[in-house]
Amino acid sequence: MPRPRPRVIVKADLLPSVSVLSLIGLVGIPLGWIWSRLAPPQHVRVYDGGQLVPLQLESWHRFDDLGVYLLLAFAMGIVVGAAVWLLRERRGPVILLAAVLGGLLAGWLGTSMGAAFANGHYAVTGTPHVGDVLAKAPQLESMWVLVAQPLATALVYGLLAGWNGRDDLSRRLG
């Protein structure tokens, strides 16, 4: 006699999933602060008309800024995916979706707050003259970094669910 398949529990997981989404979303603020301190500034020279031209090889820091944020967000996604998997009573697609959406929110908060933190850290305190060298704040020029944390979260959660091998994902029901 075949066993009945476990069903997705939506109603009971809805409130915890909102909590998971908001908590993971708030992780973006410290992530942005850490990025603003680790990402290197771009040194630029002031020319006529207020034009800022990067010094030789300094334009490579545009990629460094992007790479540092991608690595931080991907590492945070791995941690979040494993931590959400440890919520044994709530395992399933509802919590996974909340974790992925929380990762998107964290990415948006991290990029906006990180740019604000970096602009505050590398603020110009006076009028620059022609020939001065300034440290330009790091910036993220691609919004593809928003998908790093949700991608890592979904990947880790999916790998752990596949490794589990049980239909009910070992939920403790009752």
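Residues numbered from 1 in each chain as written. Predicted model: local features only at pLDDT ≥ 70, side-chain atom pairs only at ≥ 80, totals over all residues. Heavy atoms only, no water.

Colleague: Before we go on, may I ask you to explain the UniProt feature "transmembrane region" (unreviewed entry) in the chain in this structure?
Modeller: The feature "transmembrane region" (unreviewed entry), as annotated in UniProt, sits at residues 12–35, 66–87, 94–118 and 143–163 in this numbering. With 96% helix and 0% strand, residues 12–35 has its two end C-alpha atoms placed 37 Å apart. (UniProt positions renumbered as here; feature names shortened; annotations may be inferred. Helix = DSSP H or I, 4+ residues; strand = E, 2+ residues; numbered from the N terminus.)

Colleague: So what exactly am I meant to see when it comes to the pairing of strand E1 (residues 42–46) here?
Modeller: On a regular strand, one side chain projects to one face of the sheet and the next to the other, so that they alternate. In E1, alternate side chains face the same way, and those of Gln-42, Val-44 and Val-46 are buried while those of His-43 and Arg-45 on the opposite face are not. Strand direction decides the pairing type here: E1 and strand E2 (residues 52–54), joined by three bridges, are antiparallel. Of the residues in E2, the one forming a bridge with Val-46 is Leu-52. Hairpin connection of E1 to E2: five residues between the antiparallel strands, including Gly-49 at a positive phi of 80 degrees. (Buried < 20%, exposed > 50% of the residue type's maximum accessible area, 1.4 Å probe, protein only. Pairing = 2+ DSSP bridges.)

Colleague: When you look at the sheet that holds E2 in this model, what are you seeing that I'm missing?
Modeller: Strand pairing in a sheet is mediated by backbone hydrogen bonds. Such pairs are either parallel or antiparallel. Judged by pairing direction, the sheet is antiparallel, and its three strands sit side by side in the order E2-E1-E3 without closing on themselves. Only two strands of the sheet have a single neighbouring strand rather than two, namely E2 and strand E3 (133–136). On average, adjacent strands in this sheet sit at an angle of 45 degrees to one another, irrespective of strand direction. In this sheet, E3 lies alongside E1 in antiparallel orientation, the contact comprising four bridges. Considered in E3, the bridge of Gln-42 is made with Lys-136. (Axes fitted to C-alpha atoms, helices over the stretch in contact; angles between N-to-C directions.)

Colleague: Help me understand the environment of Val-94, please; the structure alone is not making it clear to me.
Modeller: Locating Val-94 in the fold gives a position in helix H4 (residues 93–121). Each C-alpha atom, one on Val-94 and one on Gly-110, is 24 Å from the other, the two residues being 16 residues apart in sequence. Setting aside residues no more than four positions away along its own chain, Val-94 makes contact with Val-8, Ile-9, Val-10, Asp-13 and Ser-17. (Contact = heavy atoms within 4.5 Å.)

Colleague: What is the right way to read helix H3 (residues 61–85) from this model?
Modeller: Note on helix geometry: an α-helix contains 3.6 residues per turn, so any two residues three or four positions apart are oriented the same way. Its 25 residues give H3 an end-to-end C-alpha distance of 36 Å, which sits within 8% of 36 Å, the value for a rise of 1.5 Å per residue. Taken as a whole, H3 has its buried residues at His-61, Asp-65, Gly-67, Tyr-69, Ala-73, Gly-77, Val-80, Gly-81, Val-84 and Trp-85. Those residues of H3 hidden inside the fold are in contact with helix H1 (11–26), helix H2 (28–38), E1, H4 and helix H5 (148–164). (Expected span 1.5 Å × (residues − 1).)

Colleague: Any chance you could explain the nonpolar core here in plain terms?
Modeller: Generally speaking, soluble globular proteins have nonpolar side chains that are buried together. Listed in full, the 12 residues of the largest apolar core are Val-20, Ile-24, Val-80, Val-84, Trp-85, Ile-95, Ala-98, Ala-99, Val-156, Tyr-157, Leu-160 and Leu-169. Broken down by secondary-structure element, the contributors of at least two residues to this core are H1, H3, H4 and H5. Residues within four places of Val-84 in sequence aside, it is in contact with Val-20, Ile-24, Ile-95, Ala-99 and Tyr-157. In terms of nonpolar packing, the next biggest core, distinct from the first, is built from 11 residues, Leu-31, Trp-35, Ala-118 and Leu-140 among them. (Core = buried A, V, L, I, M, F, W, Y, C linked by side-chain atoms within 4.5 Å.)

Colleague: Got a minute to help me understand the packing of aromatic side chains in this structure?
Modeller: Two measures describe an aromatic ring pair: the distance that separates the ring centres and the angle between the ring planes. Evaluation of the coordinates by the stated rule reveals two aromatic pairs. Centre to centre, the rings of Trp-85 and Tyr-157 are 5.3 Å apart; their planes meet at 80 degrees, and the pair counts as edge-to-face. Remark: Tyr-157 occurs in helix H5 and Trp-85 occurs in helix H3; sequence separation between them is 72 residues. Look at Trp-85 and you get buried, because its relative accessible area is 8%. (Phe/Tyr/Trp six-rings, centres within 6.5 Å; stacked < 30°, edge-to-face > 60°.)

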